[in-house]
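Reading the structure
Take a look at the letters that make up each chain.
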Amino acid sequence: MGGTVAAVSSNGTYSFTKPNRESITLIAGFGVEGDVHGGATVKHRFRMRKDPSQPNLRQVHLIHAELFDEVRAAGFEVGAGELGENVTTRGVDLLGLPTGTLLRLGDEAVVEVTGLRNPCAQIDDFQKGLMKQVVGRDAEGGVRFRSGIMSVVVSGGAVRAGDPVGVELPDGPHRRLEIV
């Protein structure tokens, strides 16, 4: 079970989108080197206002490129990094992974999946109507967030487009992803 890294992105300033890079460097316990959301404690502006001492469970944001294919079919044009993700994957069912899954990105880097990204109003500011494409309903009628997953860096290393993505599921009963 695995896929590939389609693109990597980072931004040193707060901005909704993140420019694509040739490579990014992940740092254990921190996140993406030079990215505004890196750090051991929370860096998301809204969460910092609530409690700046809480742990940063959102060090690395991943989105599956298949989402861009789906929204394109609905008339939206979204590319890698434009929804603020650091790593865009292809061939991995990110939203179906349980909490605690380890993702091996390239030769050295490993991230641990912490939960779902909660989509915010900035998605509709980016492209009007896009929020309805990334928030839907599951078969039981429950809300389903599709705007990617969040993770923390377990082992650092360089990550580039074209790198393999390995998936290691956690032992024991699997916990469904929740918003972090």
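The structure we're discussing is the one just above.
**Quick look at the environment of Gly 106**
Structurally, the position occupied by Gly 106 is in the loop between β7 (102-105) and β8 (109-116). Assessed through its relative accessible area of 14%, Gly 106 is described here as buried. Those residues in contact with Gly 106 that sit more than four places away from it in its chain are Asp 163 and Pro 164.

**Remarks on the packing of aromatic side chains**
How two aromatic rings sit relative to each other is given by the distance of their centres and the angle of their planes. Per the stated rule, a full pass over the model turns up 1 aromatic pair. For the ring pair Phe 16 and Phe 126, a centre distance of 5.7 Å and an interplane angle of 45° mean the geometry is tilted. On the criterion of sequence distance, the pair formed by Phe 16 in the loop between β1 (2-9) and β2 (20-21) and Phe 126 in helix α3 (residues 122-126) is long-range, its members being 110 residues apart. Its relative accessible area of 16% is what places Phe 16 among the buried residues.

**Describing the sheet that holds strand β3 (residues 23-27)**
Pairing in this open sheet of 3 strands is antiparallel, and the strands run β4-β3-β12 from one edge to the other. Looking at the sheet topology across the chains shown, the edges are occupied by β4 (31-32) and β12 (157-160). Here β3 runs beside β4; their pairing, made up of 2 bridges, is antiparallel. Looking at β4, one finds that Ile 27 is bridged to Gly 31.

**A word on the environment of Leu 105**
Position of Leu 105 relative to the elements: it lies in strand β7. Since its relative accessible area comes to 0%, Leu 105 is described here as buried. In contact with Leu 105, other than residues within four places in its own chain, are Val 5, Leu 26, Val 87, Val 111, Ala 158, Val 159, Pro 164 and Val 165.

**Notes on the side chain of Thr 101**
In this structure, Thr 101 sits in the loop between β6 (87-90) and β7. Taking the relative accessible area as the measure of exposure, Thr 101 reaches 0% and is therefore buried. Setting aside residues no more than four positions away along its own chain, Thr 101 makes contact with Val 111, Glu 112, Val 113, Val 167, Glu 168, Leu 169 and Pro 170.

**Overview of the pairing of β8**
Burial analysis of β8 places 7 of its 8 residues in the buried class, which makes it a mostly covered element. Bridge count between β7 and β8: 4 bridges; the pairing is antiparallel. The residue bridging Arg 104 from the neighbouring strand is Val 110, located in β8. Two successive antiparallel strands, β7 and β8, enclose a turn made up of 3 residues, where Gly 106 displays a positive phi of approximately 75°. Bridge analysis of β8 against strand β11 (residues 149-155) gives 6 bridges, and the strand direction is antiparallel. Bridging across to β11, Leu 116 finds its partner in Ile 149.

**Brief notes about the side chain of Ser 147**
Here Ser 147 lies in the loop between β10 (143-145) and β11. What makes Ser 147 buried here is its relative accessible area of 0%. A distance of 3.5 Å separates a polar side-chain atom of Ser 147 from the backbone oxygen of Arg 117. Dropping the residues within four chain positions of it, Ser 147 is found in contact with His 61, Ile 63, Leu 67, Arg 117, Asn 118, Pro 119, Ile 123 and Val 134.

Rules and cut-offs
Residues numbered from 1 in each chain as written. Predicted model: local features only at pLDDT ≥ 70, side-chain atom pairs only at ≥ 80, totals over all residues. Heavy atoms only, no water. Helix = DSSP H or I, 4+ residues; strand = E, 2+ residues; numbered from the N terminus. Buried < 20%, exposed > 50% of the residue type's maximum accessible area, 1.4 Å probe, protein only. Contact = heavy atoms within 4.5 Å. Phe/Tyr/Trp six-rings, centres within 6.5 Å; stacked < 30°, edge-to-face > 60°. Pairing = 2+ DSSP bridges. Polar contact = N/O pair within 3.5 Å; in protein donor to acceptor, adjacent residues only side chain to side chain.

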